[in-house]
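# Chain and residue survey
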Amino acid sequence: MEFHHLGTKKIFVDTTTEPVTSLEEILRILSAKVLQIPHGTDIPLKSGEKRIIENVACPICAELCDYLKIEITGNRIVRNIGGCAKSVSKFLNYHKDRILKPYIRINDKLVEVSLEEALDKAADILVNAKYPLIYGLSITSVKTDEYAIQLAELLRGAVDNPSTFCHGPTSLAVQEVGGVFTTFSDVINLADLVIFWGSDPINSHVNHLSRNIVPKGRFIGGRKDRKIVVIDIRRTELANMADLFIQVKPGRDVELITALRMALHDLDIEVDNVAGVPRDMVYKLADMMASAKYGVIMYGLGITENGVKHRSVEELMKLVQDLNEYTKFAVMPMRGHYNVVGSNEASLWLTGYPYAVDFARGFSRMYVGVTTAMDLLINGDVDAALIVGHDPVASFPRKAVQHLSRIPVIVIDPKWSLTTAFADVIIPSGMTGIECEGSAYRMDKIPIRMKKILDPPPGVLCDYEILKLLIDRVINKKVGKA
Ligand code: SF4
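Note that the structure is predicted; figures quoted are calculated from it, not measured. Numbering of residues begins from 1 in every chain and follows the order in which that chain's sequence is written. Local features in this predicted model are restricted to residues whose pLDDT is 70 or higher, and side-chain atom pairs enter the listing and the counts only when it is 80 or higher, whereas totals over whole chains, interfaces and linings include all residues. Water and hydrogen atoms were dropped before computing side-chain values, which therefore reflect all heavy atoms in the structure.

Counting its regular elements, the protein contains 18 helices and 22 strands. The dimensions of the protein, computed from C-alpha atoms along their principal axes, are 70 × 55 × 55 Å. Each residue is assigned to one of three classes by its accessible area relative to the maximum for its type, calculated with a 1.4 Å probe on protein chains only: buried under 20%, partly exposed between the two thresholds, exposed over 50%. Each of the 482 residues in the protein was classed as buried or not, and the buried ones make up 53%. Any pair of residues with heavy atoms lying within 4.5 Å of one another is described as a contacting pair. By sequence separation, contacts in the protein at least 24 residues apart represent 69% of the contacts at least 6 residues apart. Charge counting treats Lys and Arg as positive and Asp and Glu as negative, with His and both chain ends excluded. By convention, the charge on Lys lies at NZ, on Arg at CZ, on Asp at CG and on Glu at CD. Distance between charge centres in the protein, computed from 57 positive and 58 negative side chains, equals 3 Å. A helix here means a DSSP run of H or I that spans at least four residues, while a strand means a run of E at least two residues long, and both kinds are numbered starting from the N terminus.

For D266, which is not glycine, the phi dihedral falls at a positive 60°. In this structure, D266 sits in the loop between helix 10 (253-264) and strand 13 (273-274). The phi dihedral of A275 is positive, around 50°, even though this residue is not glycine. Mapped onto the fold, A275 is located in the loop between strand 13 and strand 14 (277-278).

Quick look at the state of the cysteines now. The rule for a disulfide is simple: a pair of cysteine sulfur atoms within 2.5 Å. Throughout the structure, instances matching the rule amount to one disulfide. Among the cysteines around C166, which has no disulfide bond, C61 carries the closest sulfur, lying 13 Å off.

The next point concerns the nonpolar core. The criterion is simple. A nonpolar core is a set of buried Ala, Val, Leu, Ile, Met, Phe, Trp, Tyr and Cys residues joined through side-chain atoms within 4.5 Å. Counting 37 residues, the largest nonpolar core has L126, I134, L151, V159, L386 and L470 as the members making the most contacts within it. Put simply, the parts of the chain that give this core at least two residues each are helix 3 (115-128), helix 4 (142-155), helix 14 (340-351), strand 18 (384-388), strand 19 (409-413), strand 20 (425-428) and helix 18 (463-481). Ranked by residue count, the leading element in this core is helix 3, at seven residues. Among residues more than four places away in sequence, those in contact with L470 are L119, A122, A123, L126, L151 and L386. Residues I231, V282, A286 and I303 belong to the second largest nonpolar core, which totals 36 residues.

Strand-to-strand pairing in sheets goes through backbone hydrogen bonds, with the strands running parallel or antiparallel. Across the sheet, which stays open at both edges, the eight strands sit in the order 7-6-20-19-18-8-9-17 with mixed pairing between neighbours. On the outer flanks of this sheet lie strand 7 (109-112) and strand 17 (357-358), each paired with one strand and no other. Only strands that DSSP links by at least two bridges are regarded as paired with each other. Pairing analysis gives five bridges linking strand 8 (residues 132-136) to strand 18, with the strands arranged parallel. Bridging from a neighbouring strand, Y135 pairs with I387 of strand 18. Helix axes are fitted to C-alpha atoms over the stretch in contact, other axes to C-alpha atoms as well, and angles between N-to-C directions run from 0 to 180 degrees. Packing against the sheet, helix 4 makes contact with strand 8, strand 9 (158-160) and strand 18, and its axis sits at approximately 170° to strand 8.

Every residue lining the ligand is accounted for by C58, I60, C61, E63, L64, C65, G83, C84, S87, V206 and N207. Among the detected pockets, the ligand sits in the largest cavity. Partitioned by chemical class, the residues of the shell around the ligand number seven nonpolar, three polar and one charged. Only a single heavy atom is needed: when it lies within 4 Å of a molecule or strand, its residue is near that molecule or strand. Put plainly, a pocket is an open set of points on a 1 Å grid over the protein atoms alone with protein on both sides within 12 Å along at least five of seven lines, a cavity is a set where a 1.4 Å probe fits but cannot get out, and a lining residue has an atom within 4 Å of a point. For a cavity or pocket, the test is whether more than half of a molecule's atoms lie within 2 Å of its grid points; if they do, the molecule sits there. Gly falls in the polar group here, along with every residue not listed as nonpolar (Ala, Val, Leu, Ile, Met, Phe, Trp, Tyr, Cys, Pro) or charged (Asp, Glu, Lys, Arg).

A word on the pairing of strand 8. Here strand 8 lies mainly inside the structure; five of its five residues are buried. As paired strands, strand 8 and strand 9 are joined by three bridges and run parallel to one another. By the bridge assignment for strand 9, L133 is matched with A158. Whether a crossover is right-handed comes down to one check: with the strands pointing away from the viewer, does the path from the first strand over the helix to the second run clockwise; if it does, it is right-handed. Between the parallel elements strand 8 and strand 9, the chain passes through helix 4 in a crossover that is right-handed.

By themselves, these are just geometric observations and shouldn't be taken as functional.
Encoded structure:
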């Protein structure tokens, strides 16, 4: 039996003799429309001409490593040089467990249909809905994001992406107080102090340290000239490599940020301890920050999703603005999916809002807690959903998932997922970055070209092509209805 301390709560972990819940049982509990997801088919592999493609970008996390060397024989990917273990696994297994045909649900069975039939049924669902939701869009290209937003506007629906539960608070904080951001190259060439706050790239962005922290830059001699500080609620693996580790009490980061601002402004901190951090440590950290030549705070969900949400990020942005009175300092949000930044950017330039955009009144609006995908589903506000390249059933709360069992759902995805068990129409798509090209935005907002290195399976289109066909069909059906 093992005890863990989680803030003031104590939890324990013990072995169990309970049988593992089967997939069918999970789907039954969640009220899925079909209880058996068809077995994924593997794309048949054929060896053939050997090719090596250089400078391939990895379509997994927002590190977007664009220096991979991919070796292919025929349509078999045999090597991935430069990618981390996750990347090697994605490329070498791209052919496995794929959706290769469109499906329509009839009663509790998914029936194979032609692409034309699937598109027609999907367009019918969308045109007949009063208020449909389009969700996903961070594991695909910017072009797909643009078409999805166009479709949402056409339908007077809502469109959202996963920032809604990750770095949405960053977008809100920037709207309130602005932000000082930086790029990978500035970090490599200039940063002599890097603070990882509520982020753990050793697990989340595996190549991040070897790419940005260890190398020599133009004005920095590599790791030996670069101090690393880790601030987290527990001692992570990264903390063991850091020059300084500061353990903060869960959910109380905002107090520590405020205390750092006070220390910078020579105000007295009257308590001995702030959020679990001794007062002397607060002064020491404030001093390290103010005396750095170029400092960067790389922050993750430990800041954005820690209870007070965008207020923590706002305070962090103000701290960095304060620091710029003494030296150069910036932030870098450690974003998750490889194009979640692109989904925010496309949404911003097309609608004025980064996520949770509603077109019900014919113009764009955004109300967090009202037009966010999770709230639209939990409150039962939407009457149809189009999910592009995502698996909300695997991550959304049960109440939101159960609403997906009550409304028609269209899924566009290269692979089977839990969400496909809630679908009325499934349309297979090619994998962006392997079978479809496009652009994506790295976590530091640099656009990166995603290459096409193989053809999609026969009859399978890229998701932006599917959305374009869907838009044409929706326009035709709307004109026919008018
Ligand atoms: S760090 Fe992220 S982008 Fe880079 S290879 Fe690994 S998964 Fe891919």
